[in-house]
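# Inside the fold
Each chain is listed here by its residues.
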Amino acid sequence: MVKTFMDDAEMCRDEPVYTHQCELIELKPYPYQVGGHNCILVYDDETICKPLIDQEQLVYAHFPNELKAFIPRCRGVVNVHFEMFDGDILAYAFPDGCPCIQSKNYCMAKKTIHNNKFKFVKSDCDGWTASVTENGITRQWESAKLKKIEKFILLENVTFSLKRPCVLDLKMGTRCFGDGSTPAKYERKKKRALESTSAALGVRLCGMMVYQCDTGVYSFTDKYQGRRYSNEDFSYAIKRFFFNGIRYRTELLSSLISKLLILLEQIEKIECCRFYCSSLLILYDGHEDEGYEIVPRIDVKMIDFAQTRVKDEPTNYHVGTDRGYILGIKTLIKIADEIKASI
C-alpha cells in the first residue's frame with residue numbers, strides 16, 4: 001500500500017523541523033520464505049526486497065545470459081527505514097531523494113505507519129525476534145542489529161501468481177563457503193558439508209513448505225532438519241514435497257525433470273562461474289481446482305548470489321564448470337525419476 005505523509009513539529013519535537021512530502025511504501029514480512037537468514041519483505045504484490053549485498057547486485061548485473069530464465073528479475077534498489085515504535089518495528093521504503101536521508105531525521109510518520117507493524121519481542125541473542133501470521137502461516141525472523149536505514153535490492157516475487165505456494169529451498173553444490181571466507185568459517189562450513197548431504201549429493205534441504213489439502217494448513221521442514229538428513233532421508237523429503245495430504249502430485253514430475261535437464265545443459269556449458277552457497281527454489285501451486293491443469297506448472301529458480309562469482313569479475317580465478325552444482329542438479333533429476341517410477 002502506498003501512502004503520502006507530512007512531517008509536523010509535534011512528531012519531530014527534538015529534531016530539526018522541516019516540511020516535505022513523498023510516497024512511502026509500507027512493508028511487511030514475506031510469508032513464503034523457507035530458507036536463508038536475511039529478512040525478506042514484501043514491496044508490492046509482484047516484488048519482494050532483501051538486504052542489499054554488493055556482490056549479489058553485481059552478479060545480477062552480469063549473470064550468464066543462458067541462465068537468465070532461471071533467476072528472478074532484478075528491479076533495482078530501494079531505501080528501507082526501520083523504527084521501533086510502541087513495541088513494534090515499523091518498516092517502509094522511500095525514494096533516494098527523500099529529505100529524510102539528507103537531514104538524518106528519522107522520526108517521520110511515527111504516528112501514522114502502523115497498519116503493517118511487526119510484533120517483536122526481545123530475544124536471548126540480544127536481537128529482536130519477529131513473529132508474523134498471514135494466510136495461516138506464522139513466520140519468525142531475527143535481526144541482531146536494527147539499523148534505521150538500509151539499502152534493499154528489489155526482486156521479482158516468484159510466488160505472486162500462486163494461490164497456495166509450495167516452496168522447496170535447496171542449498172546447491174558441494175562447497176558451502178565463499179572465496180572470502182575466514183579460515184574458521186572455512187572449517188565450519190566444510191564440516192557442515194561433510195556431515196550433511198552437500199558433500200555426497202551436491203545438494204542439501206534448506207527449507208520446505210507444502211500445502212496440505214486435507215487440513216488446509218502448511219507443513220514445514222527447516223534447515224536444521226535438512227542438515228541432519230541422510231542421503232535416504234533427503235530423497236524421502238523430496239518425495240514428501242509432492243504429497244498434499246491426499247495424493248502425490250505426480251503430474252508435476254515430468255515438467256520438473258524437463259526444466260532440470262535444461263538447467264543442467266546450460267550449467268555444463270558455462271565456464272568460470274561458481275554458484276557457491278546459492279539456492280535452487282522449486283515452486284508449484286498447492287491449490288487445486290476441480291479439474292487438474294492440462295500442463296501443470298512447476299518453476300525452478302536460482303537465488304541467493306552473495307557468494308557467487310561470475311566470469312566478468314577481474315578477481316575471479318576459477319576455470320571450468322561448477323562441478324559441485326552440476327552434481328546437485330544430477331542428484332535432483334535422479335531422485336525425481338525414481339519418484340516418478342515408484343508412484
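Residues numbered from 1 in each chain as written. Predicted model: local features only at pLDDT ≥ 70, side-chain atom pairs only at ≥ 80, totals over all residues. Heavy atoms only, no water.

### Some words on the overall build of the protein chain
Put simply, the rule reads: Secondary structure is summarised from DSSP: a helix means a run of H or I of at least four residues, a strand means a run of E of at least two, and numbering begins at the N terminus for each. We call two residues in contact when some of their heavy atoms are within 4.5 Å.
Within the protein chain, the regular secondary structure consists of eight helices and 16 strands. Residue pairs in contact within the protein chain that sit at least 24 positions apart in sequence constitute 72% of those at least 6 positions apart.

### Digging into unusual backbone geometry
Rules: Burial here depends on accessible area, computed with a 1.4 Å probe over protein chains only, as a share of the maximum for the residue type. Under 20% is buried, over 50% is exposed, and the range in between is partly exposed.
Its identity as a non-glycine residue notwithstanding, Cys272 has a phi of 75°, on the positive side. Among the secondary structure elements, Cys272 is positioned in the loop between helix 7 (253-267) and strand 15 (279-285). Note on Cys272: relative accessible area 18%, which makes it buried. Despite not being glycine, Cys277 shows a phi value in the positive range, around 65°. Within the secondary structure layout, Cys277 lies in the loop between helix 7 and strand 15.

### What to know about empty space enclosed by the protein
Basically, it comes down to this: A cavity here means a set of 1 Å grid points, computed over protein atoms only, where a 1.4 Å probe fits but cannot escape. A pocket is an open set with protein on both sides within 12 Å along at least 5 of 7 lines, and lining residues have an atom within 4 Å of a point. Grid points are joined across faces, edges and corners, and a volume is the space filled by probe spheres set on the points.
Scanning the model with the defined rule gives one cavity of 30 Å³ or more in all. Within this model, the largest cavity holds a volume of roughly 40 Å³. Lining the largest cavity are Leu168, Ile238, Leu256, Leu260, Ile282, Leu332 and Ala336. Taken together, the elements giving at least two residues each to the lining of the largest cavity come down to helix 7 and helix 8 (323-342).

### With respect to the environment of Arg73
Along the chain, the position of Arg73 falls in the loop between helix 1 (54-61) and strand 6 (74-85). A relative accessible area of 51% means that Arg73 is categorised as exposed. Separated by 84 residues in sequence, Arg73 and Asn157 have C-alpha atoms that sit 8.6 Å apart. Residue contacts for Arg73: discarding those within four places in its chain leaves Leu154, Leu155 and Glu156.

### Overview of the environment of Pro51
Note that Pro51 resides in strand 5 (residues 47-51). On the basis of relative accessible area, Pro51 is assigned to the buried category, the value being 14%. Sequence separation between Pro51 and Val77 is 26 residues; the distance between their C-alpha atoms is 9.5 Å. Ignoring any residue separated from it by four or fewer positions in sequence, one finds Pro51 in contact with Asn38, Cys39, Glu150, Lys151, Phe152 and Ile153.

### Some details on the packing of aromatic side chains
To keep things clear, this is the line we draw: Geometry of aromatic contacts follows a simple scheme: Phe, Tyr and Trp rings, the Trp one being its six-membered ring, pair when their centres are within 6.5 Å, and the pair is stacked under 30 degrees between planes, edge-to-face over 60, tilted otherwise. When the NZ atom of lysine or the CZ atom of arginine is within 6 Å of a ring's centre and also within 35 degrees of its normal, the charge is said to sit over that ring.
A complete count under the given rule lists 13 aromatic pairs for this structure. Their ring planes at 75° and their centres at 5.4 Å tell us that Tyr60 and Phe305 sit as a pair that is edge-to-face. Of this pair, Tyr60 sits in helix 1 while Phe305 sits in the loop between strand 16 (298-303) and helix 8, placing them 245 residues apart in sequence. Phe305 sits in the buried class, given a relative accessible area of 0%. Pairing Phe63 with Phe275 gives two aromatic rings, centres 6.0 Å apart and planes at 50°, and the pair type is tilted. One end of the pair, Phe63, is in the loop between helix 1 and strand 6; the other, Phe275, is in the loop between helix 7 and strand 15, with 212 residues separating them in the sequence. Assigned by exposure class, Phe63 and Phe275 land together as buried. Every member of this aromatic cluster is reached through a ring pair, and the members are Tyr60, Phe63, Phe275, Phe305 and Tyr325. Here the guanidinium or amino end of Arg175 rests over the ring plane of Tyr276, the centre of that ring lying 3.9 Å away.

### Looking at the pairing of strand 5
Selection criterion: Strand pairing is assigned whenever DSSP detects at least two bridges linking the two strands.
Here strand 5 lies mainly inside the structure; five of its five residues are buried. Across three bridges, the pairing between strand 4 (residues 41-44) and strand 5 is antiparallel. Looking at the pairing, Asp44 lines up with Thr47 of strand 5. Between strand 4 and strand 5, which pair antiparallel in sequence order, lie two residues. With five bridges joining them, strand 5 and strand 11 (residues 149-156) adopt antiparallel strand pairing. Its bridge partner being in strand 11, Cys49 is matched across the sheet by Leu154.

### Some points on the pattern of salt bridges
Basically, it comes down to this: By definition here, a salt bridge exists when the distance from a side-chain nitrogen of Lys or Arg to a carboxyl oxygen of Asp or Glu is within 4 Å.
Considering all chains together, one arrives at 16 salt bridges under this definition. The shortest N-O distance in the salt bridge between Glu251 and Arg249 comes to 2.5 Å. Take Glu251: its relative accessible area is 24%, and that puts it in the partly exposed class. The partner of Glu313 in a salt bridge is Arg309, with the nearest N and O atoms 3.2 Å apart. On the accessibility criterion, Glu313 (10% relative accessible area) is buried. Look at Arg309 and you get buried, because its relative accessible area is 9%. One network of salt bridges, with partners in common, ties together Arg175, Asp179, Arg309 and Glu313.

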